[in-house]
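# Examining the three-dimensional arrangement
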Amino acid sequence: MDKWYKKPVRMMRWDYIQNIGTMKNTDLDKLARMKKEEWHINCEWIVGIPGAAPGAGHLTTFRAEGFESYPGLEDFDCLREYLPYAHKYGIKLLAYLNAHWYSYEFADKHPGWEQLLCNGKAYGRLHPLYGNGTTLCVNSPYRHWVYRLVKETMKTGVDGIFFDGPVVFRNCCYCESCRDKFKNKFGKDIPVKENWHDDLWKQFIEFRRDSLAEFLGGARKIVKEINPGGVIFLNSGGWQVGGWKYARDIEKMEKHQDFSGS
């Protein structure tokens, strides 16, 4: 029998942005029924980690051991509260996890996690994301932090996860973790200048793509361990010529995700 996500999917994202606390005062049965009867969906994203200012990527909308709750949701679990109603109306529920936009304060608590340019400056300090915030590296200990988050998310009973990011931003990453991993693999330092006639530069491009794909593969393993029928996918770009700039290679991603987020 075909898995549900191999059949036609009508997917909705209903996003409250910074006002996610609105759900506390909402008739959740009525909300789920409306989405089913008026929009005819069979799959929905619900925010687990908000993509909200000023970089709320470390704050959860649900109870998660070892993680901080989004302000105003300390006594309300969006995923566990809404899930029974979604399932009642035949809606598969996926958790949206922002995995690319973090506050400077959170980054300061975790030295070595930010994506760095070759000059040693954090990408997000020189190019603030959406005007305020930074981004973290999948080769740093940040990866294991996200994996703990994935485990906590799947423990709620949701049907899967959608990652909004991460990406490897342009001209990144030169953090200590990336430098060590690259040198161990290729025996040389990461090149600092774009040069398509240089094999080492081409190896760096593949290294970045492989790093993002490996990250997703590790997250998928956790999802499947908790729910063999669970799904995961990543906002992984399309067939653009410049996709290499952000390490988004949808061919490398394909074997690690159940949907294509292109």
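Every value quoted in this text rests on a predicted model; they were computed, and no experiment measured them. (Residues numbered from 1 in each chain as written. Predicted model: local features only at pLDDT ≥ 70, side-chain atom pairs only at ≥ 80, totals over all residues. Heavy atoms only, no water.)

### Some details on the overall build of the protein
Which entries qualify depends on this criterion: The helix count covers DSSP runs of H or I at least four residues long, the strand count covers runs of E at least two residues long, and both are numbered beginning at the N terminus. Only C-alpha atoms enter the radius of gyration; for comparison, a globular chain is expected to reach 2.2 Å times N to the power 0.38, where N is the number of residues. A 1.4 Å probe rolled over the protein chains alone gives each residue an accessible area, and that area as a share of the maximum for its type sets the label: buried under 20%, exposed over 50%, partly exposed in between. The accessible surface values rely on the Shrake-Rupley method and a 1.4 Å probe; as for residues, cover is taken only from the protein chains in view.
Regarding its fold elements, the protein presents eight helices and seven strands. Expected size for 262 residues packed as a compact globule is a radius of gyration near 18 Å; at 19 Å, the protein falls within 12% of this value. Counting over 262 residues, the protein shows a buried share of 53%. Just so you have it, the protein exposes about 12,700 Å², and 49% of that area is on carbon and sulfur atoms.

### Comments concerning the pairing of strand β7 (residues 231-234)
Here is the rule: Whether two strands pair comes down to DSSP finding at least two bridges between them.
Of the two faces of β7, the one holding V231 and F233 and the one holding I232 and L234 are both buried throughout. Direction of pairing for strand β6 (residues 160-164) relative to β7: parallel, over a ladder of four bridges. Considered in β7, the bridge of F163 is made with L234.

### Things to note about the pairing of strand β2 (residues 43-49)
Where we set the bar: A clockwise path from the first strand over the helix to the second, with the strands pointing away from the viewer, defines a right-handed crossover.
The element β2 is extensively covered by neighbouring structure, given that seven of its seven residues are classed as buried. Two elements, strand β1 (residues 11-13) and β2, share three bridges in a ladder whose sense is parallel. Looking at the pairing, M12 lines up with E44 of β2. With helix α1 (residues 28-39) bridging β1 and the parallel β2, this β-α-β connection has right-handed handedness. Judged from the six bridges that link them, β2 and strand β5 (residues 92-98) form a sheet pairing that is parallel. Across the sheet, the residue bridging to W45 is L94, located in β5.

### Digging into unusual backbone geometry
Cis rather than trans, the peptide bond between G165 and P166 has omega equal to 5 degrees. Here P166 shows up in the loop between β6 and α6 (176-186). Cis geometry is found at the peptide bond from C172 to C173, where omega equals 10 degrees. Relative to the helices and strands, C173 resides in the loop between β6 and α6. Backbone geometry places H40, a non-glycine residue, at a positive phi of 60 degrees. Tracing the sequence through the fold places H40 in the loop between α1 and β2. In this model, N171 sits at a positive phi of 70 degrees, which is unusual for a non-glycine residue. Along the chain, N171 turns up in the loop between β6 and α6.

### Side note on the environment of D15
Along the chain, the position of D15 falls in the loop between β1 and α1. Separated by 158 residues in the primary sequence, D15 and C173 place their C-alpha atoms 31 Å from one another.

### A closer look at the nonpolar core
As a reminder of what qualifies: Throughout, nonpolar core names a set of buried Ala, Val, Leu, Ile, Met, Phe, Trp, Tyr and Cys residues whose side chains join them through atoms within 4.5 Å. Should any heavy atoms of two residues lie within 4.5 Å, those residues are counted as being in contact.
Ranked by size, the top nonpolar core spans 90 residues in total, and within it M23, Y82, W145, V150 and F163 carry the most contacts. With residues up to four places along the chain from it excluded, the contact list for V150 reads I161, F163, A219, I222 and V223.

### Some points on the pattern of salt bridges
Basically, it comes down to this: The term salt bridge refers to a pairing of a side-chain nitrogen on Lys or Arg with a carboxyl oxygen on Asp or Glu at a separation within 4 Å.
For the coordinates displayed, the defined rule picks out 18 salt bridges. In this structure, D15 engages R13 in a salt bridge whose closest nitrogen and oxygen atoms are separated by 2.2 Å.

### What to know about the sheet that holds β6
Let me state the cut-off plainly: Convention adopted: a line fitted to C-alpha atoms gives each axis, helices being fitted over their contacting stretch, and angles between N-to-C directions are expressed from 0 to 180 degrees.
Taken in spatial order, the five strands of this open sheet run β1-β2-β5-β6-β7, and their pairing is parallel. Every other strand in the sheet has two partners, leaving β1 and β7 as the edge strands with one partner each. Going from strand to strand, the sheet's axes swing by 25 degrees on average, the running direction of each strand aside. Contacts from helix α2 (residues 78-88) reach β2 and β5 within the one sheet, and its direction differs from that of β5 by about 150 degrees.

### Some points on the packing of helix α5 (residues 142-154) against helix α7 (residues 199-226)
Where we set the bar: Comment on the angle field: the value is read as roughly parallel under 35 degrees, roughly antiparallel over 145, roughly perpendicular from 65 to 115, and oblique elsewhere. Here a crossing is called left-handed whenever its near helix is offset anticlockwise from the far helix by less than a right angle, and right-handed whenever the offset is clockwise.
The N-to-C vectors of α5 and α7 enclose an angle of 30 degrees; their axes lie 9 Å apart at closest approach. Judged on the interaxial angle alone, α7 and α5 are roughly parallel. You can see that α5 and α7 cross each other, and the crossing is right-handed. Contact with α5, carried on its side by R143, V146, Y147, V150, K151 and M154, involves S211, E214, F215, G218, A219, I222, V223 and I226 of α7 and no other residues of that element.

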